[in-house]
Amino acid sequence: MPNNYFNTLPLREQLAQLAKCRFMDISEFPDGVEALKGKKIVVIGCGAQGLAQGMNLRDSGCDVSYTLRAAAIAEKRQSWKSATENGFVVGTYEELIPTADVVLNLTPDKQHTAVVNAIMPLMKQGACLSYSHGFNIVEEGMKIREDLTVIMVAPKCPGSEVRNEYVRGFGVPTLIAVHEDNDPKGEGLALAKAYAVGTGGHKAGVLMSSFIAEVKSDLMGEQTILCGMLQTGSLLCFDKMVEEGIDPGYASKLIQFGWETVTEALKYGGVTNMLDRLSNPAKIKAFDLSEELKQIMRPLYNKHQDDIIDGTFSRTMMEDWANDDVNLLGWRAETAETAFEKTPAGDVEISEQEYFDHGILMVAMVKAGVELAFETMTAAGIVADSAYYESLHETPLIANTIARKKLYEMNATISDTAEYGCYLYNHACLPLLADFMKGIKTDVIGRGLAVDDNGVDNARLIEVNTALRAHPVEAIGTVLRGHMADMKKIV
Amino acid sequence: MNICLDNLTVNFDDRFQLDEINWQLDDSQHWVITGANGSGKSALAAVLAGIGEHISGTLSGVPAKVGIVSFEAQAELIEAELKKDDADIMDVISAGTPVYEILNPGNSNQQLIDELVEKFSMQSLVNRAFRKLSTGESRKVMLIRALASEPDLLVLDEPFDGLDAYTLEMLQEYLTSLVETVPMVLVLNRFDEFPEFITHIAYIDDGRLQHQIDRNDSKAYNELYQLLHLKTTDLQVPAADPETAIPRLDPAQPLVHLNNIDIKYDDHKIIDSLNWTIERNQHWQLSGPNGSGKTCLLSLITGDHPQCYVNDIFVFGFQRGNGESIWQIKQFIGYVSTALQWEYKVGTGLRNVIISGFYDSIGLYTKATDRQKKIADEWLALLGMSNRADVPFNKLSYGDQRLLLIARAMVKHPPLLILDEPCLGLDDMNRQLVLALIEKICAGSETSVLYVNHHPEDQIKGIDNYLALEKK
Ligand SMILES: NC(=O)c1ccc[n+]([C@@H]2O[C@H](COP(=O)([O-])OP(=O)(O)OC[C@H]3O[C@@H](n4cnc5c(N)ncnc54)[C@H](OP(=O)(O)O)[C@@H]3O)[C@@H](O)[C@H]2O)c1
């Protein structure tokens, strides 16, 4: 088993690395892609991130080609097709890696150790190796040749968004970092900034962070609120509705599209706006439910964060890798068999507002998950900006995948690491919420509150509204969303 | 009264022709006829007064007493007066017909005449010779005469032209008081002069009655407003922004040179060894059936097609694939297409949509300068959308969105404006709006237009180079 890099650092250094995160203003990128001009960029892998980033970089004037494992070329796999049809030069490691000034490793994280070991000996003296996720460096402790510069440029969005936003003349929020142990020429930051410009990230906001902060926050976000909470919530809400006699087709639809609809409000105006979409009595109800949920789930969030920080999580996952993914594959098969997954969305009309009114519990779950993830991350020393992107910001993006093809699509889109963490969370969270769910009725999921009038107690409403707005995720959210003011995606 | 023009074609001294007019008016209606100068709106009004030679079709139901005021009628009367003067057979110098005689050519209601004379403050002029009056004064005489004749139909061609503010208001009020008494047809070309009581609007273009609109149909009414606005005002295309100026191009080089282009998907050839050069100041029309590769060809020019890196393409001084960015290419191009409109699903305000043209972005991600805002406002004025600067783009009608995207494309005065089927999906009125705007652009700037279209009826004046693609 490889060495966990984070665990080799002294405490003070660990804390310093975790706290590394600074929002960079667009004015800090006056040199554009200059640092990459005249350099040869070779991308390993042409999947979601690889294709999108490569196309953006090429359109920004960079020299981009692709290297794929020999089998992918020989069998003309999808990755080979994507690269060739888009007019890129494609070659084997032996053909292209030695010519590269910058190598972008955009293969799945699980393959990184093998891939990096294969390409490192072929890399030019003094070249740069880049990642879009720091797992390999931080959790697996991969040691990179001393003459090589190691950087990370991690778009905080799926590949399709990375490309679409660029074409619109914008970009997606991006995290950059330099691996300090591998910056022999001190050019890491300049390269990472140029790369972020090349993908359009500088327009949407760049966070200057560390490999460690990126990994520890990314893992936390994806396994808890982003994927875990949505999966657990989907299963619990569906079973409850069916148990209470609601038409399964309706229940299936309410959940499949409900996450997307309610988190759309989250995207525009944070948790406050999402709850403001409810009537006053429903808002108070959602607030109370979420407080209860937070209390029940807080130990679980803490455990996930602790396991991520001390390496327990990555160690167990890597053990599963070594064991032919027995757990991962088993959980994947199990998810496919759930009643929610197997019940197609019914052919019923549900208005946008109805998703809120009939999905009070879902709103409460999103609120609880976002706030807990944010609170846990910041308590662990991760900076608020980073914690915001890894929790609230990405929730709507994941919700969109469920709207497309339910949990299957979500788990197929996210990385293996996220998927593994998601199942882990789900397995712990389902029993944890069993008692809580016993008290749940269709007034908060499926039918909506049966109240004659919308009257509420003023004092209580003021309390709730104040509490909503006072949460720290709202303050940082307002600032960061301000940077993306016009990134208004409708429909 | 029930006037009916049935497929009526009318010739006016071979100078002008109204073609196949179908139009019905009854007592309960008050119409405005509107259109650009020379469109035939006065001619249509004149037909109601019995003028013009009917070539085909029929006109029926015109009442006996039609009171008409128009420049033509006014000029005729003045000419007749001047003729009297010339006809010096009597060897006496004629004093000319006095105004009071003109006002009451026979059996009009004298009391009403006196009342109107007072209203128009013409008391001091009634004894003056008609031909000695200023144009404005003689116009008032014509108005009083027509109003006092107690007609069954009142036809007023630009009655408000040349009136001072006081008289204009008085006349508007007076006409309003007649609403129950006499149906009216007014020829007007300024929307803000349309009186409240108008019930219908007829829009004439090129001798044809193009649109008949119910005043209560606010959507059609707004569109007509814009169309008229574009057709009648001679606003200039707003200037470019000197601060975000596009780099100068070498005048000796073509804008675009495509050399031996090959594009294929899965062994299916879309474009096969194509050569094409667009020189500066050339306007082009590109046509071809669906699937002939039009859009593909355009995206090679705009840099949106991935194959532009593996073909021999020279655009705006760049040989593609040598370290240029697509934004360096796009800065020279204004681009409008249905696809862009689909993608432009943002809630950004109209002003910002126009400004986004300076940055070639969908949505605006940069703080606009005051100058850019001013230029955008000039464009909004040109489009007749000044009052909607902050309305979200996605709240606009489909046709208005298209107009706005054309303004967005032109705002930076690009050397090349690409209009990919700009009329696609538009109704007749919006089509005409778009074409009117494009013609303004073609005439008023140095931009080369590349117009993609396969409808022969949507021609644009000034385009004389053609490339036709065939389906492979
Ligand atoms: N997806 C996201 O939302 C996201 C966001 C930010 C960062 N990232 C990071 O971006 C990186 C790439 O993720 P992704 O989602 O783009 O991955 P992906 O879509 O699964 O694509 C991976 C690519 O790598 C190739 N590949 C797979 N196994 C390989 C091996 N053993 N050796 C060489 N090539 C191999 C695959 O092609 P063949 O199988 O045809 O060889 C494929 O083209 C990861 O580090 C991930 O954490 C992802």
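This is a predicted model, so every value here is computed, not measured. (Residues numbered from 1 in each chain as written. Chains lettered and ligands numbered in written order. Predicted model: local features only at pLDDT ≥ 70, side-chain atom pairs only at ≥ 80, totals over all residues. Heavy atoms only, no water.)

Further remarks concern the domain arrangement of chain A. Residue and element names in this part refer to chain A. Each assigned domain of chain A is listed with its residue range as follows: domain 1 (21-209) and domain 2 (213-487). Facing 24 residues of domain 1, the contacting portion of domain 2 comprises 29 residues. Taken over both partners, the interface formed by domain 1 and domain 2 buries close to 2300 Å², and the fraction arising from carbon and sulfur atoms is 66%. Ranking the residues of domain 1 by area buried against domain 2 places Lys110, Glu139 and Lys156 at the top, with a combined share of 29%. Remark: the boundary between domain 1 and domain 2 carries six salt bridges. Between Lys216 and Glu139 there is a salt bridge, with the nearest N and O atoms lying 2.7 Å from each other. Scanning the region where domain 1 abuts domain 2 turns up nine residue pairs in polar contact (both at pLDDT 80 or more). Residue assignment for the side of domain 1 that touches domain 2 shows that the elements contributing at least two residues are strand S1 (21-24), helix H7 (135-138), strand S7 (149-155), helix H8 (159-167) and strand S9 (206-209). Along the lines of polarity and charge, the residues of the side of domain 1 that touches domain 2 split into 13 nonpolar, four polar and seven charged. (Domains from an automatic or database assignment. Contact = heavy atoms within 4.5 Å. Buried area = accessible area lost by both parts, 1.4 Å probe. Salt bridge = Lys/Arg side-chain N within 4 Å of Asp/Glu carboxyl O. Polar contact = N/O pair within 3.5 Å; in protein donor to acceptor, adjacent residues only side chain to side chain. Helix = DSSP H or I, 4+ residues; strand = E, 2+ residues; numbered from the N terminus. Nonpolar A, V, L, I, M, F, W, Y, C, P; charged D, E, K, R; others polar.)

Now for helix H12 (residues 248-276) of chain A. With 29 residues, H12(A) should cover 42 Å at 1.5 Å per step; its first-to-last C-alpha distance of 28 Å lies more than 12% under that length. The sharpest bend along H12(A) reaches about 130° and sits at Gly269(A). (Expected span 1.5 Å × (residues − 1). Bend = angle between axes of the 7 residues up to and from the residue.)

The subject of this paragraph is the packing of aromatic side chains. All names here are of chain A. For the coordinates displayed, the defined rule picks out 15 aromatic pairs over all chains. Between Tyr131 and Phe211, the ring centres sit 6.3 Å apart and the planes meet at 85°, which makes this aromatic pair edge-to-face. Separated by 80 residues along the polypeptide, Tyr131 in strand S6 (residues 128-131) and Phe211 in helix H11 (residues 211-243) bring together distant segments of the chain. Overall, Phe211 belongs to the buried group, its relative accessible area being 3%. One aromatic cluster is present, built from ring pairs that chain together Phe313, Trp331, Tyr420 and Tyr423. The positively charged end of Arg58 is found above the aromatic ring belonging to Phe88, 3.8 Å away from the centroid. The lysine or arginine in question, Lys193, covers the ring of Phe29, its NZ or CZ lying 5.6 Å from the ring centre. (Phe/Tyr/Trp six-rings, centres within 6.5 Å; stacked < 30°, edge-to-face > 60°. Buried < 20%, exposed > 50% of the residue type's maximum accessible area, 1.4 Å probe, protein only. Lys NZ or Arg CZ within 6 Å of the ring centre and 35° of its normal.)

Okay, the interface of chain B and chain A next. With 23 residues of chain B at the contact, the number on the chain A side is 21 residues. In total, about 1700 Å² of surface goes out of reach between chain B and chain A, with carbon and sulfur atoms giving 51% of it. When the buried area of chain B at its contact with chain A is split by residue, Tyr309(B), Trp327(B) and Tyr365(B) rank highest and sum to 32% of it. On the surface where chain B and chain A come into contact, there are eight residue pairs in polar contact (both at pLDDT 80 or more).

Residues and elements named next belong to chain A. Considering all chains together, one arrives at 45 salt bridges over all chains under this definition. Note that Glu291 is salt-bridged to Lys367, the shortest N-O span being 3.8 Å. Placement of the pair is Glu291 in helix H13 (residues 280-310) and Lys367 in helix H18 (residues 360-379), with a sequence separation of 76 residues. Residue Glu291 is classed as partly exposed on the basis of its relative accessible area of 37%. Among the residues examined, Lys367 registers a relative accessible area of 1% and is labelled buried. Taken together, the salt bridges that share partners define one network made up of Glu291, Lys294, Arg298, Lys367, Glu371 and Glu375.

This brings us to the packing of helix H4 (residues 110-119) of chain B against helix H6 (residues 165-177) of chain B. Packing of H4(B) against H6(B) brings their axes to within 11 Å, and their N-to-C directions diverge by 145°. Across from Leu112(B), Leu116(B) and Lys119(B) in H4(B), the residues of H6(B) making contact are Tyr166(B), Met170(B) and Tyr174(B). (Axes fitted to C-alpha atoms, helices over the stretch in contact; angles between N-to-C directions.)

Another aspect to go through is the sheet that holds strand S4 (residues 53-60) of chain B. Backbone-to-backbone hydrogen bonds join strands into a sheet, with any given pair of strands oriented parallel or antiparallel. Residues and elements named next belong to chain B. A sheet is described by the order of its strands in space; here three strands give the open sequence S2-S1-S4, paired in antiparallel fashion. Among the strands making up the open sheet, the edge pair consists of strand S2 (16-26) and S4. When strand polarity is set aside, the average angle formed by the axes of neighbouring strands in this sheet is 5°. In this structure, strand S1 (residues 2-12) lies alongside S4, joined through six bridges in antiparallel fashion. When the sheet's bridge partners are listed, Thr9 is paired in S4 with Ser56. Strands in contact with helix H1 (residues 41-48) are S1, S2 and S4; relative to S1, the strand with the most contacts, it is inclined by about 120°. (Pairing = 2+ DSSP bridges.)

Before going further, it helps to spend a moment on helix H9 (residues 188-198) of chain A. All names here are of chain A. Counting buried positions over the eleven residues of H9 gives eight, a clear majority of the element. Those residues of H9 lying buried are Gly188, Leu191, Ala192, Ala194, Tyr195, Ala196, Val197 and Gly198. At the exit of H9 stands Gly200, carrying a positive phi of roughly 90°.

Residues and elements named next belong to chain B. According to the domain assignment, chain B consists of domain 1 (2-232) and domain 2 (249-468). Using only C-alpha atoms to locate each centre, domain 1 and domain 2 end up separated by 44 Å. With 15 residues of domain 1 in contact, the opposing surface of domain 2 contributes 17 residues. The junction of domain 1 with domain 2 conceals about 1200 Å² of combined surface from both sides, 57% of it contributed by carbon and sulfur atoms. When the buried area of domain 1 at its contact with domain 2 is split by residue, Glu223, Gln226 and Leu230 rank highest and sum to 54% of it. For the interface between domain 1 and domain 2, the tally reads zero salt bridges. Counting every contact that joins domain 1 to domain 2 gives zero residue pairs in polar contact (both at pLDDT 80 or more).

Of the residues in chain A, 98% reach a pLDDT of 70 or more, and the chain-wide mean stands at 93. With pLDDT under 50 throughout, residues 486-491 of chain A is counted as low confidence; its partners more than four residues away or in other chains account for 25 contacts. (pLDDT = per-residue confidence, 0-100.)

So, about the site of the ligand. All names here are of chain A. Taken together, 22 residues surround the ligand, and among them Ala48, Gln49, Arg69, Ser79 and Asp109 come closest. Taking Ser79, its side chain carries an N or O atom lying 2.5 Å from an oxygen atom of the ligand. For the ligand, an oxygen atom lies 2.7 Å from a polar atom in the side chain of Asp109. Taken together, the elements giving at least two residues each to the shell around the ligand come down to helix H2 (48-59) and helix H6 (112-119). Per-class residue counts for the shell around the ligand are ten nonpolar, nine polar and three charged. (Near = heavy atom within 4 Å.)

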